[in-house]
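Coordinate inspection notes
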Amino acid sequence: MTAILVHQVGPGVSLQDGGRNGYLRFGISHAGPMDAVAHALANLAVGNDRNATSIEVSLGGIDLSSTNAALDIAVAGGTFTVTRDGKPLPSACRLTLKPGERLKIAAGEAGSWCYVAAAARFDVPEVLGSQATHTRSGFGGMNGRCLVDGDQIGLTDTKSFCASEGRLLATWLERPAETIRVLAGPQRDYFDAEQYQAFLKGPWDITARSDRMAIFLDGPRLRHSQGYDIVSDGIVMGSIQVPGDGLPIALMADSQSTGGYPKIATVIGTDLGSLAQMRPGSRIRFAAVPYHEALAARALLERHLADPVEVEPFVRTDFTAEFLSATSLTDGLHQSSSTASIDPDTIHARGRLTVTERLSLLFDDPTCVGADHGNAVVAEGLVYRQSVLAFAKNPASNGGTIGVREADALMLLRMRAQTEQLPLIVLYDGAAIDADHAGAGFRAFSAVSDQRARVAGLEIAVVFGESVGTDALLASLADIVVTTGTEAGVSLAGPELVRRVSNEVVSLADLAFEEGIASVQFDDEVTAILALRRLLSMLVDQGSTRLRDPEERDSPGLNYLAGRASYDMREILKSVADYGDVFELKAQTTSSVITALIQMDGFTCGVVANQPLVKLGLLTTEGMGKAADFIAFCARRRIPLLRFLDCPGILPGRMEARNRPLSAAARLLELEARLTIPPITVVTGKAIGLAAVVMGMSSTSGGRCLRWPQAAIDMRDGRDGKTELEHRNLELIVPGETRAHIIKAIRETMEARK
């Protein structure tokens, strides 16, 4: 008999079917899957009834294999990491597991549960008509317990589904995540209208106490208008109780059958899986919907489940040397005639602007169009009355490929920008190199990239749409990379090449996000180019052409923020910046550290700030790397640095250690020590121990240090549990007057440089 052998398993992994129905009146829980939709999809993908038994996998993961015979299985649920004998698979897939092959599932990017269904029947006893595991009762599944290492789960009625392996295509499974829809609960009248609105508004954080029985929420404490004890009545999965402490509890699959707390709302059935998939630490809100909308959502879901499961077949995963040598591992090549062209109407139909239109938006003079240099246009014009050079690839001419002529034009323009100290804007669009002349194209690319590595002039890359291969590498050498387009991305390899070689099914947006090259992203070209003009006005001449915001302008709202345990650091930046103008860079990467450009009294400054709203402002390895990259940019451009500190420490843990936090911290300290313009630091909250050191509190580069009255600064290790304020070189300021103090410090710093 075939069996599933469990080699290694984390906590909370169990066997679940559609649930134990009809016994709530006897106090017996329904049990069943936490995400019934994902459970049903996995079963349907291998030809089972939607309520058949599957393995419910928690964040602890599982490592299993099939004994004796091949086994058709399907995996669906959260975005988990799935591998077969070490080779990556999509998180939702169908495959045949041969004897001895190891299927490993581990926590991935998102989600708390996933399901492994087999084209067979699990050979475990039924209790009250169900194989669902309910550990608190001690029955169902494997002797009423979760799976453990070494378990062998027998299978009967094994069938071969005789279908292709592949990724499950079920975009409808991507249900609402942050907003959970609810109906008013049976004890809604125990809360007045204001409290019910507070419940809907939230926001609510999912706590670590959450499990299969209930999801515990933390947020604003609700007040009962009629007390919080009721005569116990029925509970269903999705009931949201509010006990005496005012913090809601959403009852889930293993909940009790009755409860004695008022139920303010009930999660609609189609959103139960969304709620179940949210991890501890996630933030949600609730939205009240009418009964007919809940019914419509249910009907739509049932139609999806009634349709055949779509499967996108896997590509080849076993590569011989002969296969690899025959595969072009270079992306960005363009196969076309040198006479190929695209008319403006076709470009507009694609939602793009022509090169001429882009340049007319960029420069003050809309008639500035530049001169053709092969497949590129070279132009010079004014941006806010400051001279700027531009090199624009023209996709209407041979796909915008770079050859010798285009490379020569770019290098000459770059040398001029270096000599005359002018900013250079390079607009990337189209392919990288013409495959018909790949040798010459690669030599031209090498010359251009080598030159960029040697010159120090300000260069900004604007990427329109997809940029892969050599173009992406060239764009990444720029000081700032702007991307525009809903599917824009900069990646060394495109999705098709990745799929052919590594069997990973990913989008360019996902690849680009992991690369992290883009400094700022926009959905449309007009917005991107107008933002580029704004960026240039900050960088070109310290903003001398812009109107001054009054230096003495106070921000009394900061006095209120200073007394709060948690606040949005962006509000502080907007309050102190000229006209509230904050140009944030790398906002799409780790949000625990903010990097941005602002102007203070017309002077452009770089900002590195902790974000208390994200992980309490704890420093992460990614955050330190982000800060270091930005400080290096400011140092190259000789931009004064402002630091806003509210950081209680450095995030510890094994996962963080894999990212090499010591190397990131050492690099950040080295850059801080080499600053030639003394930084200005404002401590708005905590600056504790090593985190304060890494963020520059003990930097030898000098500079002014201001602190708010509530600031807690302790340069010791903090193990004694005490917080001690260090007053040396710290200037106590009123939060609402922060702007005036920073401007005064900037003027003194700039005066000292003369």
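Below, the structure is looked at part by part. Because the structure is predicted, anything quoted here is derived from the model rather than measured. (Residues numbered from 1 in each chain as written. Predicted model: local features only at pLDDT ≥ 70, side-chain atom pairs only at ≥ 80, totals over all residues. Heavy atoms only, no water.)

**Thoughts on the overall build of the protein chain**
Let me state the cut-off plainly: By the criteria applied, helices consist of DSSP H or I runs no shorter than four residues and strands consist of E runs no shorter than two, each listed in order from the N terminus. Exposure is judged per residue with a 1.4 Å probe applied to protein chains only, and the accessible area is read against the type maximum: over 50% gives exposed, under 20% gives buried, and values in between give partly exposed. Contact between two residues is taken to exist if any of their heavy atoms lie within 4.5 Å; hydrogens are not considered. Note on areas: Shrake-Rupley, 1.4 Å probe, and residue coverage restricted to the protein chains presented here.
Helices and strands together make up the secondary structure of the protein chain, namely 20 helices and 38 strands. Looking at the protein chain as a whole, 52% of its 754 residues are labelled buried. In the protein chain, 73% of the contacts between residues at least 6 apart in sequence involve partners at least 24 apart. Element-wise, carbon and sulfur atoms account for 53% of the exposed surface of the protein chain, whose accessible area totals about 32900 Å².

**Here's the deal with the layout of surface pockets**
Under the convention used in this document: Cavities and pockets are defined on a 1 Å grid built over the protein atoms alone: a cavity is a set of grid points where a 1.4 Å probe fits but cannot escape, while a pocket is an open set with protein on both sides within 12 Å along at least five of seven lines, and lining residues are those with an atom within 4 Å of any such point. Grid points are joined across faces, edges and corners, and a volume is the space filled by probe spheres set on the points. Side-chain classes are defined by residue name, with Ala, Val, Leu, Ile, Met, Phe, Trp, Tyr, Cys and Pro counting as nonpolar, Asp, Glu, Lys and Arg as charged, and the others, Gly among them, as polar.
Within this model, the second largest pocket holds a volume of roughly 650 Å³. Along the walls of the second largest pocket sit 32 residues, with His 30, Ala 36, Met 237, Leu 272 and Arg 298 positioned nearest its centre. Of all the elements in the fold, those that place two or more residues in the lining of the second largest pocket are helix H1 (36-45), strand E19 (263-267), helix H3 (272-277) and helix H4 (291-306). Here the lining of the second largest pocket is built from residues that sort into 17 nonpolar, ten polar and five charged.

**Notes on the nonpolar core**
Selection criterion: Only buried residues count toward a nonpolar core, which is a set of Ala, Val, Leu, Ile, Met, Phe, Trp, Tyr and Cys residues joined through side-chain atoms within 4.5 Å.
In terms of nonpolar packing, the biggest core is built from 61 residues, with Phe 363, Ile 425, Ile 460, Leu 539, Leu 597, Phe 633 and Met 697 touching the most fellow members. Looking at which element gives the most residues to this core, the answer is helix H13 (residues 525-539), with eight residues. Setting aside chain neighbours within four positions, we find Phe 363 in contact with Cys 368, Ala 379, Glu 380, Gly 381, Leu 382, Val 383, Val 388, Ala 390 and Arg 533. Within the second largest apolar cluster, 49 residues are counted, among which are Val 37, Val 46, Ala 74 and Leu 168.

**Considerations on the packing of aromatic side chains**
Rule in force here: Two aromatic rings, drawn from Phe, Tyr or Trp (for Trp, its six-membered ring), form a pair once their centres lie within 6.5 Å of each other, and the interplanar angle then sorts them: stacked below 30 degrees, edge-to-face above 60, tilted otherwise. Criterion for a charge above a ring: Lys NZ or Arg CZ within 6 Å of the ring centre, and within 35 degrees of the ring normal.
Counted by the stated rule, this structure contains five aromatic pairs. Geometrically, the ring pair formed by Tyr 23 and Phe 26 is tilted, given 6.4 Å between the ring centres and 40 degrees between the ring planes. Between the aromatic rings of Phe 199 and Phe 286, the centroid separation amounts to 4.7 Å while the plane-to-plane angle is 15 degrees, which identifies the pairing as stacked. Within this pair, whereas Phe 199 is found in helix H2 (residues 193-201), its partner Phe 286 is found in strand E20 (residues 283-288), the two being separated by 87 residues in sequence. The pair Phe 199 / Phe 286 is uniform in exposure class, with both members buried. Above the plane of the ring of Tyr 196 lies Arg 188, whose end atom (NZ or CZ) is 4.2 Å from the centre. Here the basic side chain of Arg 209 rests over the ring of Phe 216, its NZ or CZ set 3.9 Å away from the ring centre.

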